[in-house]
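Structural overview for review
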Amino acid sequence: MVSVLYIDENPALLDLARVILTRDCLPDIDLARSITDAIGYMQDKKYDLIISEPKVPGLYDTELIRVLLGKNKDTPFILCTFRGMDEASPRELELSAAMQELFATGEELKEKIHELEDTRDELHESKSRLIAYINGSPIPQFVIDKNHHVILWNEALEKYSGIPASEVLGTGNHWRAFYPETRPCMADLLVDGEVSRIPDWYKGKYTPSRLVEGAFEAIDFFPHMGTGGVWLNFTAAVIRNSEGEVIGAIETLEDITRQKNTEFLLRESEEQYRALFYENNSVSLLIDPDTGNITDANAAASRFYGYSYTTLTRLNLSSINRLPEAKIRADLSHAIHEPAKHFFSSHYLSSGEKRFVEIYSGPIPVKGRPLLYSIIHDITEERKAEIKLRENEARLYSIVQGCPVPQFVIDNNHRIIYWNHALEKCTRIPVSEVIGTSLHWRAFYDKKRPCLADLLVDGAESEIPTLYNDKVTESRFVEWAYEGTDFFPELGENGTWLFFTAAPIRDDEGMMIGAIETLEDITEQKRASEALMQANTKLNLLSSITRHDVLNQLTALSGYLELSQGSSDISKIETYLLHAQEIASTIERQVTFTRDYQTIGIKNPEWKQVSLLIREVADSLDNGTVQIVINTGNLEIYADPLLYKVFYNLIENSIRHGITTKTISFSYEKQEGDLLLICTDDGEGISAHEKELIFERGYGKNTGFGLFLIRQVLAITRIDIIENGEPGSGARFVIRIPKGAYRNV
């Protein structure tokens, strides 16, 4: 009698192998689902032949052969599979063709194909939703394929460029929206992989994106757009398929013409102000302290008083200030004996107009005799300027205080001079506690350390990489300003992600007088971004799962249908068809699972109140006499919308597999900053060797997908789950939720 060991991970294929080999008069057959089972069989028995599927859990190909033959050194070994038609022998190809012909006549299998086509249609619908999202976006954007043909031209870009999608879709004419003649856009250069050519077209105008790897952003002026030209901030990024190949590129546009015009007007205003301030001379007079006569004057004085130089230098001081002669002589005598004097007075112009002036006067020697050198400032206009300045300061205060963006301003001594209402609300620190102090660090750190604004005030930009671990870069828009993104665990209940900027504040002479720092809470964006990355990973895994499992089952199904067709034994045919029906049910469960699995990560994570969700799930199940106890208060979790599947499977598993379960309880506790959400029951519990296996795909007494799906859903927002109950004393599932993904409301 010939002894055979057959190894395959799929139970359906094992049963099929037993039928086929038994039919060929090889009754001594042992079937193994894993390398561990196979090695166990070979401990006590030597086989005449070993047959194995190449990919068995734990080992692959040559490593599999080496391990098995190490146990039975002289045993012939056959490595076989029905899964790779491109690698099959002629005999296997003939067998496959026969199976396919039989498969085409099987009405029940056709129904399963229709179900798979429905799944494909659902994926197509998801793609259509993505296209609809881009078309409905308020941000102008277009997408090209790897041949530079436009495949998306959204409505916002239609309205903005005046070019309807019908004129450019399927063409390479997207340049028409921006340039008068054919030339590459940023997206074209990325599609061709010609990053080195970007400076040829956008020199000094572009930077690598700080948010998306491999993307670029730029600012440029497009004179042919709009009525007088347009400034655009545009970003381009490549689009890759699941194999990482470039299949196109997307370019988005933002009109920043208004901001640019504002910058130009501000710069022009500053230049005019500086020219007026530096090029005009102050009014200056030289006065004889003995007589009060004006002995000399500058051109500014002539213009100010309205006299010619000759006339002005023949006047007495009394003609200008109209004070009594005795008062003038006393003031002059007092002034000549002091190093300098600062006082206020009233002067009259040639027209008789009275002006209020501020005077700085002191003695200087001129040709051997002392004279008074007086610099006169017309404070009539200055007072008007002061009033305007106070109005501007009040306006600036109102702008800063009313701005919805949290921000604070410090002077060059690091004292807080502005702490707006948005920052009060964000940090819960009232302005009364910090204004005039240097305690702004309290809002962000648990101990004193410099903020970004402090480093700019001190001119210590070289310390930025050390203190912020390369999380801060120079601003793309404001000279000498910096921007960065970091997580602040002390801000808010569970820490906060902030995008923050800091810029110096200078006076009209360019001297540093302080710095302003603005803050933007981007916690939700960061969480959504992380969740999206997790979702992409899960969807890639879904593709592998679907192909591998369904093809396995289809292979087994085809085999049983072939056996039933070739047999005249009614009892055997019934057995074969029964196996085929079981396999079809398995395919149905797998397709149902992929339908649930593919929705993971489709929607953004959201906050869900645990107690309400558990109660809703419990009400939808037939609990029988099992009692559900919920002690989670107002706890909320930031998770994928499929969170309800987690609680559904936990409760359903306890009822189905707990056997003696009477009570299922939910509670929570904190541990080292994380939160542990605990689900316990009083059933039979889970054996020690199954505690981790229950989370693997396909393991279990039912579909084998429930707990696997739970772990995948939770992983989207970095939540983990384990089972650590005492066997025989009930199950205990512990869901560990990281800081920032839970809150109490």
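From a predicted model like this one, the values you see are computed outputs, not experimental measurements.

Scoring rules and cut-offs
- Residues numbered from 1 in each chain as written.
- Predicted model: local features only at pLDDT ≥ 70, side-chain atom pairs only at ≥ 80, totals over all residues.
- Heavy atoms only, no water.
- Helix = DSSP H or I, 4+ residues; strand = E, 2+ residues; numbered from the N terminus.
- Buried < 20%, exposed > 50% of the residue type's maximum accessible area, 1.4 Å probe, protein only.
- Contact = heavy atoms within 4.5 Å.
- Areas by Shrake-Rupley, 256 points an atom, 1.4 Å probe, with all protein chains shown as cover.
- Pairing = 2+ DSSP bridges.
- Axes fitted to C-alpha atoms, helices over the stretch in contact; angles between N-to-C directions.
- Core = buried A, V, L, I, M, F, W, Y, C linked by side-chain atoms within 4.5 Å.
- Expected span 1.5 Å × (residues − 1).
- Arc of directions from axis to C-beta.
- Phe/Tyr/Trp six-rings, centres within 6.5 Å; stacked < 30°, edge-to-face > 60°.
- Lys NZ or Arg CZ within 6 Å of the ring centre and 35° of its normal.
- Salt bridge = Lys/Arg side-chain N within 4 Å of Asp/Glu carboxyl O.
- Parallel < 35°, antiparallel > 145°, perpendicular 65-115°, else oblique.
- Left-handed = near helix turned anticlockwise from the far one by under 90°.

1. With respect to the overall build of the protein
Secondary structure summary: the protein contains 24 helices and 31 strands in total. Residues counted as buried form 43% of the 745 residues belonging to the protein. Contacts spanning at least 24 positions in sequence make up 53% of the contacts within the protein whose residues lie at least 6 apart. Accessible surface computed for the protein: about 40900 Å², of which carbon and sulfur atoms make up 52%.

2. Points about the sheet that holds strand β31 (residues 742-744)
In space, the 3 strands of this open sheet follow the order β24-β26-β31, with antiparallel pairing throughout. Looking at the sheet topology across the chains shown, the edges are occupied by β24 (606-609) and β31. Here the average twist between neighbouring strands, direction ignored, is 30°. The pairing of β24 with strand β26 (residues 635-639) spans 4 bridges and is classified as antiparallel. Residue pairing for β26: W607 is matched across the bridge by Y638. Against the sheet, helix α22 (residues 610-620) makes contact with β24 and β26, and its axis sits at roughly 70° relative to β24, the strand it touches most.

3. Focus on the environment of I513
Examined against the element boundaries, I513 turns out to sit in strand β23 (residues 512-521). As for I513 and V457, which are separated by 56 residues in sequence, their C-alpha atoms are 7.9 Å apart. Beyond its immediate stretch of four places on either side in the chain, I513 contacts I410, D411, N412, I505, R506 and D507.

4. A word on unusual backbone geometry
For H148, which is not glycine, the phi torsion reads 70° and is therefore positive. Residue placement: H148 occurs in the loop between β7 (141-145) and β8 (150-153). The backbone of D470 shows a phi angle near 60°, a positive value even though the residue is not glycine. Note on placement: D470 falls in the loop between α19 (464-468) and β20 (472-474).

5. Some details on the nonpolar core
By size, the foremost hydrophobic cluster in this structure holds 40 residues, and its most contacted members are F647, L650, I651, L677, F733, I735 and I737. Elements supplying a minimum of two residues to this core: α22, β26, α23 (643-657), β27 (663-671), β28 (674-681), α24 (706-715) and β30 (732-737). Apart from residues no more than four positions distant in its own chain, I651 is found in contact with I614, V617, A618, L621, N623, I628, I664 and F666. Formed by 30 residues, the second largest nonpolar core is a distinct cluster that contains V150, M186, A187 and V191.

6. Comments concerning helix α14 (residues 325-336)
Under the 1.5 Å per step criterion, the end-to-end length of α14 is 17 Å for 12 residues, consistent within 8% with the ideal 16 Å. Looking only at α14, the buried set comprises I328, L332, A335 and I336. The arc enclosing the buried residues of α14, seen along the axis, measures out at 95°, which places them on a common side. Packed against the buried residues of α14 are β13 (283-287), α13 (318-321), β16 (354-366) and β17 (369-378).

7. Some details on the packing of aromatic side chains
What the rule picks out here adds up to 22 aromatic pairs. Judged by centre distance (5.3 Å) and plane angle (55°), the ring pair of W607 and Y638 falls under tilted. With W607 in strand β24 and Y638 in strand β26, this pair connects stretches of sequence that are 31 residues apart. For the pair W607 and Y638, a shared accessibility class is recorded, and that class is buried. Members of the aromatic cluster, each reached through a chain of ring pairs, are F142, W153, F178, Y179, Y202, F222 and F234. The ring of Y202 is capped by R183, whose NZ or CZ atom sits 5.1 Å from the centre of that ring. Lying over the aromatic face of F695, R711 brings its terminal NZ or CZ to 4.2 Å of the ring centre.

8. Focus: the sheet that holds β8
The 6 strands are arranged β8-β7-β12-β11-β10-β9 in an open sheet whose pairing can be described as antiparallel. At either margin of the open sheet sits one strand with a lone partner, and together these are β8 and β9 (206-208). Averaged over neighbouring strand pairs, the angle between their axes works out to 20° when direction is ignored.

9. A few points about the pattern of salt bridges
A full pass over the atoms with the stated rule returns 22 salt bridges. As a salt-bridge pair, E723 and K691 come within 2.6 Å of each other at their nearest N and O atoms. In this pair, E723 is assigned in strand β29 (residues 720-723) and K691 in the loop between β28 and α24, connecting sequence segments 32 residues apart. We classify K691 as buried; its relative accessible area is 17%. Counted as one network, the salt bridges with shared partners bring together R210, E217, R476 and E483.

10. Quick notes on the packing of α22 against α23
One way to put it is that α22 packs onto α23 with a least axis distance of 9 Å and a crossing angle of 55°. The angle between α22 and α23 falls in the class oblique. In terms of crossing hand, the pair formed by α22 and α23 is right-handed. Residues V610, L613, I614, V617, A618 and S620 of α22 pack against L643, Y644, F647, Y648 and I651 of α23.

11. Observations regarding the pairing of β13
The buried fraction of β13 is high, at 5 of 5 residues. Burial of β13 is two-sided: the residues V283, L285 and I287 facing one way and the residues S284 and L286 facing the other way are all buried. Bridge count between β13 and β17: 5 bridges; the pairing is antiparallel. Of the residues in β17, the one forming a bridge with L285 is S374.

12. Points about α22
For α22, the full list of buried residues reads V610, S611, L613, I614, V617 and A618. The arc that holds the buried residues of α22, viewed along the axis, is 165°, so those residues lie on one side. Seen from the buried face of α22, the exposed residues on the opposite side, beyond 90 degrees, are L612, E616, D619 and S620. Close packing links the buried residues of α22 with β24, β25 (627-630), β26, α23, β27 and β28.

So, to be careful, I would describe these as geometric facts and stop short of saying anything about function.
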